[in-house]
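Spelled out, the chains give:
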Amino acid sequence: MAGFQDIIGQEQIKEQLRNGIVAGKVSHAYLINGEKSSGKEFIAKIFAQTLQCEKKGTEPCGVCRSCKQALTGNQPDIIRVTHEKPNTISVDDIRAQINNDVAIKPYSSPYKIYIVNEAEKMTTQAQNAILKTLEEPPAYAVILLLTSNVNSLLPTILSRCVVLNMKPVADELVRKYLMEELMVPDYKAEVCVAFARGNIGKAKALASSEEFDNVKAEAISLLKYIHDMDLSEIIAAIKKITEYKLEVNDYLDLIAIWYRDVLLFKATSDVDHLVFREELQAIRRTAQHSSYEGIENVIKALETAKRRLDANVNFDLTMELLMLTIQENG
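Bear in mind the structure is a predicted one, so any value in this text is a computation, not a measurement. (Residues numbered from 1 in each chain as written. Predicted model: local features only at pLDDT ≥ 70, side-chain atom pairs only at ≥ 80, totals over all residues. Heavy atoms only, no water.)

*Asks:* Got a sec to walk through the overall build of the chain? Specific residues and values, please.
*Replies:* Scanning the chain from N- to C-terminus turns up 15 helices and five strands. In terms of overall dimensions, the chain has a C-alpha envelope of 70 × 40 × 30 Å along the principal axes. Out of the 330 residues belonging to the chain, those deemed buried represent 47%. Total accessible area computed for the chain in this model is approximately 16700 Å², and 50% of it derives from carbon and sulfur atoms. Between the averaged position of the 39 positive side-chain charges in the chain and that of its 45 negative side-chain charges there is a distance of 6 Å. (Helix = DSSP H or I, 4+ residues; strand = E, 2+ residues; numbered from the N terminus. Buried < 20%, exposed > 50% of the residue type's maximum accessible area, 1.4 Å probe, protein only. Areas by Shrake-Rupley, 256 points an atom, 1.4 Å probe, with all protein chains shown as cover. Lys, Arg positive; Asp, Glu negative; His and termini not counted. Charge placed at Lys NZ, Arg CZ, Asp CG, Glu CD.)

Below, the structure is given as structure tokens:
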């Protein structure tokens with residue numbers, strides 16, 4: 001059974017949660033703030049299992065009745081708040097699953113723990129409803145709010161929670177995890193590490209994603225041959241991007257990592273620190289015929305494209321402009 005030692009990085013959060021358990025000073029409300037897939041749910045799960053463990057240690061024992069129930073998702077006093085609407089946690093969801101339930105004492109455990117994932121999806125009414133419980137919680141209640149956007153929550157909620165901010169995990173720890181635990185080869189681990197930027201869940205998902213490999217191959221192929229392509233071929237390549245489920249920002253990040261490699265190689269001729277080492281010939285070629293100013297223009301154009309897409313500017317037009325900038329400068 002997983003325990004605190006299985007959480008990679010996040011030393012401050014681990015220390016704070018463990019200290020609370022050891023001192024018997026567990027707060028009624030915690031807010032874990034971090035990127036999507038950064039491991040918030042994993043931390044919440046281990047903390048909840050440890051609090052309910054019958055051995056009362058600083059790790060879940062994995063063998064008591066509570067731990068066995070938690071492993072199968074059947075621990076009656078660890079409640080995961082669900083919502084039917086994909087992008088909204090309504091006031092009815094909070095009332096039904098927390099407010100009207102919290103007065104009932106724990107079924108078999110010392111605590112009644114509520115885990116609200118994607119807490120940023122709570123409507124203002126839902127937030128005001130949960131605030132009532134946060135203001136006067138029963139002694140046994142522990143509410144864990146997990147969010148990827150702390151700014152979407154009311155200041156009054158934040159003031160009643162212990163706020164724990166996830167930190168990016170060091171690249172070497174992510175690389176070690178991928179290579180030793182998941183047996184990912186070094187050249188693939190390198191790309192996943194660069195891409196995940198300290199987000200362990202994202203690195204793990206990319207390492208096992210066939211689609212990511214395909215998108216990476218498509219993006220690199222486009223960058224290698226874009227100078228020989230006419231507009232219709234570029235438009236066809238853009239159309240292909242939309243066939244993948246990968247977020248377009250991830251596609252843009254792939255291009256950014258490629259040009260980071262080109263810039264690094266142009267400046268230093270250093271091969272060891274390239275992410276796309278296996279594409280050395282193409283990187284050398286691009287570095288030779290691109291100027292520093294041209295590479296800088298491409299990197300700026302990538303940022304502009306991201307901003308435009310965030311502002312819902314037409315996808316095809318945004319990508320076309322970006323590709324033409326790459327063709328001219330890269």
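Next comes the rest of the description.
*Asks:* Pulling in residues and values, what's your account of the sheet that holds strand β3 (residues 112-116)?
*Replies:* On the basis of which strands lie adjacent, the open sheet formed by five strands has the order β2-β3-β4-β1-β5 and parallel pairing. If you trace the sheet from one side to the other, it starts and ends with β2 (78-80) and β5 (162-165), each paired once. The sheet shows a mean angle of 20 degrees between the axes of neighbouring strands, taken without regard to direction. Note that β2 and β3 share three bridges and pair parallel. Pairing of Arg80 across the sheet is with Ile115, part of β3. Against the sheet, helix α1 (residues 11-23) touches β1 (29-33) and β5, its axis set at about 150 degrees to β5. Each of β1, β2, β3 and β4 (141-147) is contacted by helix α2 (residues 40-52), which is oriented at about 170 degrees to β4, the strand it contacts most. (Pairing = 2+ DSSP bridges. Axes fitted to C-alpha atoms, helices over the stretch in contact; angles between N-to-C directions. Contact = heavy atoms within 4.5 Å.)

*Asks:* Would you mind going over a nonpolar patch on the surface in detail, with residue names and values included?
*Replies:* A grouping of Leu263, Tyr292 and Ile299 is seen on the molecular surface, where their side chains present a nonpolar patch of about 240 Å² in accessible area. Tracing the chain through its elements places Tyr292 in helix α14 (residues 292-310). (Patch = residues over 30% accessible without salt bridge, like charges linked within 9 Å, V, L, I, M, F, W, Y side chains within 5 Å. Salt bridge = Lys/Arg side-chain N within 4 Å of Asp/Glu carboxyl O.)

*Asks:* Explain α14 to me, using residue names and the numbers behind them.
*Replies:* The end-to-end C-alpha distance of α14, which contains 19 residues, comes to 28 Å, matching closely the 27 Å that a straight helix rising 1.5 Å per residue would cover. Buried residues of α14: Gly294, Ile295, Val298, Ala301, Leu302, Ala305, Lys306 and Leu309, and no others. Summarising the axial view, the buried residues of α14 lie within an arc of 140 degrees, below the 170-degree limit, and thus occupy one face. In α14, the exposed positions that point more than 90 degrees away from the buried face belong to Glu293, Arg307 and Asp310. Elements in contact with the buried residues of α14: α12 (248-268) and α15 (315-329). Note on α14: the residue one or two positions beyond its end, Asn312, has a positive phi of about 60 degrees. (Expected span 1.5 Å × (residues − 1). Arc of directions from axis to C-beta.)

*Asks:* Now, about the pairing of β4: what can you tell me, with residues and values included?
*Replies:* The two faces of the sheet receive side chains in turn, since in a regular strand these alternate between them. Burial analysis of β4 places seven of its seven residues in the buried class, the great majority of the element. Burial of β4 is two-sided: the residues Ala141, Ile143, Leu145 and Thr147 facing one way and the residues Val142, Leu144 and Leu146 facing the other way are all buried. For β3 and β4, the ladder comprises five bridges, and the chain directions are parallel. From the neighbouring strand, Tyr114 faces β4, where its bridge partner is Ile143. As for the winding sense of the linkage, the β-α-β connection from β3 through helix α5 (residues 124-135) to β4 is right-handed. (Right-handed = clockwise from strand over helix to strand, strands pointing away.)

*Asks:* I'd love a proper account of the packing of helix α11 (residues 231-241) against α15, names of residues and values included.
*Replies:* Running from N to C, α11 and α15 cross one another at 125 degrees; their axes reach a closest spacing of 10 Å. Taken together, the axes of α11 and α15 lie oblique to each other. When the axes of α11 and α15 are compared, the crossing they make is right-handed. Across the interface between the two elements, Leu231, Ile234, Ile235, Ile238, Lys239 and Ile241 from α11 touch Phe315, Asp316, Met319, Glu320, Met323, Leu324 and Gln327 from α15. (Parallel < 35°, antiparallel > 145°, perpendicular 65-115°, else oblique. Left-handed = near helix turned anticlockwise from the far one by under 90°.)

*Asks:* Can you explain the layout of surface pockets? Please cite residues and give values.
*Replies:* If you add up the space inside the largest pocket, you get close to 690 Å³. Listed by contribution, the elements that provide at least two residues to the lining of the largest pocket are α2, β4, α7 (171-181) and α9 (200-207). Of the residues forming the lining of the largest pocket, the biggest block, five residues, is contributed by α7. Its volume calculated, the second largest pocket comes out at about 590 Å³. Lining the second largest pocket are 20 residues, and of these Lys36, Asn199, Lys202, Glu247 and Asp250 sit closest to its centre. (1 Å grid on protein atoms, 1.4 Å probe; cavity = no way out; pocket = protein on both sides within 12 Å on 5 of 7 lines; lining within 4 Å. Points joined across faces, edges and corners; volume = space filled by probe spheres on them.)

None of this, on its own, says anything about what the molecule does.
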